[in-house]
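Structural characterization, general
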Amino acid sequence: RIQKIDHVDSPYEAIWPGEYLPSWAKKDVNFDVPAGEEVCFVHVGKAGGSAVGCSLGFSLHCADTVRVKGVLPKKATNTFHKMVYDCHDRSAYFLFVVRDPIDRVRSAFNYERPDL
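Quick caveat: nothing in here was measured; it's all calculated off a predicted structure. (Residues numbered from 1 in each chain as written. Predicted model: local features only at pLDDT ≥ 70, side-chain atom pairs only at ≥ 80, totals over all residues. Heavy atoms only, no water.)

**Re the pattern of salt bridges**
- Counted by the stated rule, this structure contains three salt bridges.
- The partner of Glu 38 in a salt bridge is Arg 90, with the nearest N and O atoms 3.2 Å apart. One end of the pair, Glu 38, is in the loop between β2 (30-31) and β3 (39-42); the other, Arg 90, is in the loop between β5 (84-85) and β6 (93-96), and 52 residues separate them in sequence.
- Accessibility expressed as a relative area gives 5% for Glu 38, which makes it buried.
- Overall, the relative accessible area of 45% leaves Arg 90 in the partly exposed class.
- Put simply, Arg 106 and Asp 103 hold a salt bridge, and the shortest N to O gap is 3.2 Å. Taken together, the residues span about one helical turn, with Arg 106 and Asp 103 both in helix α4 (residues 101-112) at a distance of three residues.
- Taking relative accessible area as the criterion, Arg 106 reaches 47% and is therefore assigned partly exposed. (Salt bridge = Lys/Arg side-chain N within 4 Å of Asp/Glu carboxyl O. Helix = DSSP H or I, 4+ residues; strand = E, 2+ residues; numbered from the N terminus. Buried < 20%, exposed > 50% of the residue type's maximum accessible area, 1.4 Å probe, protein only.)

Written out as structure tokens, the structure reads:
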């Protein structure tokens, strides 16, 4: 059984002493996951990553997101988003959300240029 804990070690903070992990890259609730079972969530922009990240418990750009219950949200301990790489090299798994490349580019363009 996976137990709740107060804090998860941050590789980002270990690599960059004096820097702190942004609040959006942290989880509201952390769990003590054995090293061989950790999942690192890799956020890919304009591919549904914010919705998935929020449902896993990461803050990201969440409003009133439904938190998913189950094993995966507990084992997703760290995230990689934009310039913040907070994944352990020992992570057993990396979770990506992918999307059709043309749809992704179209979405990114519309996001950056909503006035066109």
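More follows now that the structure is in view.
**Here we look at the side chain of His 88**
- Mapped onto the fold, His 88 is located in the loop between β5 and β6.
- Taking the relative accessible area as the measure of exposure, His 88 reaches 9% and is therefore buried.
- In contact with His 88, not counting residues within four places along its chain, are Asp 9, Pro 11, Glu 38, Asn 78 and Phe 94. (Contact = heavy atoms within 4.5 Å.)

**Description of the nonpolar core**
- With nine residues, the main nonpolar core is built from Val 39, Phe 41, Ala 47, Cys 54, Leu 56, Phe 58, Leu 60, Ala 76 and Val 97.
- Among the secondary structure elements, those contributing two or more residues to this core are β3 and α2 (49-56).
- Once you skip the residues sitting within four places of it in the chain, Leu 60 turns out to touch Trp 24, Phe 41, His 43, Gly 49, Ser 50, Gly 53, Cys 54 and His 81. (Core = buried A, V, L, I, M, F, W, Y, C linked by side-chain atoms within 4.5 Å.)

**Let's talk about the side chain of Ser 91**
- Relative to the assigned elements, Ser 91 resides in the loop between β5 and β6.
- A distance of 2.9 Å separates the side chain of Ser 91 from the backbone oxygen of His 88, its partner in a polar contact.
- Residues within four places of Ser 91 in sequence aside, it is in contact with Glu 38 and Cys 40. (Polar contact = N/O pair within 3.5 Å; in protein donor to acceptor, adjacent residues only side chain to side chain.)

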